[in-house]
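What follows is the residue order along each chain.
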Amino acid sequence: VVYDPMFNFLPFFNKFRVPSMALVMTQLSVAILAAIGLDALLKPVSESERQARAAIFKKTLLVFSAVFLAAGFMLLLGRGWLASIAAAKIAAAYGGTGQPAADVALARAGRDFLLVLLFLAGGAGVLFGYVNRSISKNTAMPVLLLLTIADLWLVGSESAHYQTVTEKNDVFKPTETVEFLKQD
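Now for a quick tour of the structure.

Reading the values: the criteria
- Residues numbered from 1 in each chain as written.
- Predicted model: local features only at pLDDT ≥ 70, side-chain atom pairs only at ≥ 80, totals over all residues.
- Heavy atoms only, no water.
- Core = buried A, V, L, I, M, F, W, Y, C linked by side-chain atoms within 4.5 Å.
- Buried < 20%, exposed > 50% of the residue type's maximum accessible area, 1.4 Å probe, protein only.
- Helix = DSSP H or I, 4+ residues; strand = E, 2+ residues; numbered from the N terminus.
- Contact = heavy atoms within 4.5 Å.
- Polar contact = N/O pair within 3.5 Å; in protein donor to acceptor, adjacent residues only side chain to side chain.
- 1 Å grid on protein atoms, 1.4 Å probe; cavity = no way out; pocket = protein on both sides within 12 Å on 5 of 7 lines; lining within 4 Å.
- Points joined across faces, edges and corners; volume = space filled by probe spheres on them.
- Nonpolar A, V, L, I, M, F, W, Y, C, P; charged D, E, K, R; others polar.
- Phe/Tyr/Trp six-rings, centres within 6.5 Å; stacked < 30°, edge-to-face > 60°.
- Expected span 1.5 Å × (residues − 1).
- Salt bridge = Lys/Arg side-chain N within 4 Å of Asp/Glu carboxyl O.

1. A look at the nonpolar core
Here is step 1 of the chain: Ranked by size, the top nonpolar core spans ten residues in total: Leu41, Leu42, Ala54, Phe57, Val126, Leu127, Tyr130, Val131, Ala140 and Leu144.
Here is step 2 of the chain: Among the secondary structure elements, those contributing two or more residues to this core are helix H2 (23-42), helix H3 (47-77), helix H5 (99-131) and helix H6 (137-157).
Here is step 3 of the chain: The dominant element in this core, judged by the number of residues it contributes, is H5, at four residues.
Here is step 4 of the chain: With residues up to four places along the chain from it excluded, the contact list for Leu127 reads Leu38, Leu41, Phe57 and Leu144.
Here is step 5 of the chain: Membership of the second largest hydrophobic core comes to five residues, among which are Leu75, Ala83, Leu106 and Phe113.

See below:
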């Protein structure tokens, strides 16, 4: 519904080679909305407005906590069910049993879920402390920046490595043809 008008009228949107490249728009939009929200949260306001924001923040925090707890329980308690679904999908796509890959995927999902929970709890705690004026702006902003850097560092350090070390060394290894030509 939305894709066709954007493809036809939004500049450069029709230049994506694959539709998944449109995720760039989503990523940019989320970053901009987060910056706007943080800016609105950090603006000085009256005491009544601060109390109203604190109440809204508490309710929002409770809703997100409930959602994350439900997801965590599903990940931890429904591990066998999720593993069987993942194994079936992997086996259908690539053949074999798919169980080893499903086990690795679920182990990684569990670890990543705990990391996301840790970073969100840290960030929410800092923002909650700032909204309740128990943490100053000069303390909250560097702590949020450090949390962001730590999160990005963890994500960047665990990139997918598609080549083993021996394959990297063999990239420029001379072929038989090159060895034959060197004999001349």
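Now that the structure is up, let's keep going.
2. A short note on the side chain of Arg50
Here is step 1 of the chain: For Arg50, the position within the fold is in helix H3.
Here is step 2 of the chain: A residue is classified by how much of its surface remains accessible, and Arg50, at 14% relative accessible area, is buried.
Here is step 3 of the chain: Engagement of the side chain of Arg50 in a polar contact is seen with the side chain of Glu47, the distance being 2.5 Å.
Here is step 4 of the chain: Apart from the residues within four sequence positions on either side, Arg50 is in contact with Val45, Val131, Asn132 and Arg133.

3. Notes on the layout of surface pockets
Rolling a probe over the atoms, with the probe sized like a water molecule, indicates the empty space that remains.
Here is step 1 of the chain: When its volume is computed, the largest pocket comes out at roughly 1300 Å³.
Here is step 2 of the chain: Of all the secondary-structure elements, those providing two or more residues to the lining of the largest pocket are H2, H3, H5 and H6.
Here is step 3 of the chain: The biggest single contributor to the lining of the largest pocket is H5, with eleven residues.
Here is step 4 of the chain: Empty space within the second largest pocket amounts to approximately 180 Å³.
Here is step 5 of the chain: Lining of the second largest pocket is provided by Leu41, Lys43, Pro44, Val45, Arg50, Arg53, Tyr130, Val131, Arg133, Ile135, Ser136 and Lys137.
Here is step 6 of the chain: Looking at the lining of the second largest pocket, its residues break down into six nonpolar, one polar and five charged.

4. Here we look at the packing of aromatic side chains
Here is step 1 of the chain: Scanning the model with the defined rule gives two aromatic pairs in all.
Here is step 2 of the chain: Measuring from centroid to centroid gives 6.1 Å for Phe68 and Phe113, while their planes differ by 35 degrees, and the two rings are tilted. Placement of the pair is Phe68 in helix H3 and Phe113 in helix H5, with a sequence separation of 45 residues.
Here is step 3 of the chain: Assessed through its relative accessible area of 23%, Phe68 is described here as partly exposed.

5. Section: unusual backbone geometry
Here is step 1 of the chain: Positive phi, normally seen in glycine, also occurs at Arg133, with a value near 65 degrees.
Here is step 2 of the chain: Tracing the backbone shows Arg133 in the loop between H5 and H6.

6. Comments concerning H5
Here is step 1 of the chain: Over its 33 residues, H5 runs 47 Å from end to end, which matches the ideal 48 Å to within 8%, given 1.5 Å per residue.
Here is step 2 of the chain: Lining the buried residues of H5 we find H2, H3, helix H4 (79-94) and H6.
Here is step 3 of the chain: Backbone geometry just after H5 places Arg133 at a positive phi near 65 degrees.

7. Topic: the pattern of salt bridges
Here is step 1 of the chain: Tallied over the full model, the rule gives five salt bridges.
Here is step 2 of the chain: A salt bridge links Glu47 to Arg50; its shortest N-O distance comes to 2.5 Å. Here Glu47 and its partner Arg50 are both found in helix H3, three residues apart, which amounts to about one turn of the helix.
Here is step 3 of the chain: Salt-bridge contacts for Arg53 lead to Glu49; the nearest nitrogen and oxygen are separated by 3.6 Å. Within this pair, Arg53 and its partner Glu49 are both found in helix H3, separated by four residues, close to a single helical turn.
Here is step 4 of the chain: Residue Arg53 is classed as partly exposed on the basis of its relative accessible area of 23%.

8. Regarding the environment of Leu42
Here is step 1 of the chain: Mapping Leu42 onto the fold places it in helix H2.
Here is step 2 of the chain: Spatially, the C-alpha atom of Leu42 lies 9.5 Å from that of Met141, the residues being 99 residues apart in sequence.
Here is step 3 of the chain: Each residue touching Leu42, except ones within four places of it in the same chain, is listed here: Tyr130, Lys137 and Met141.

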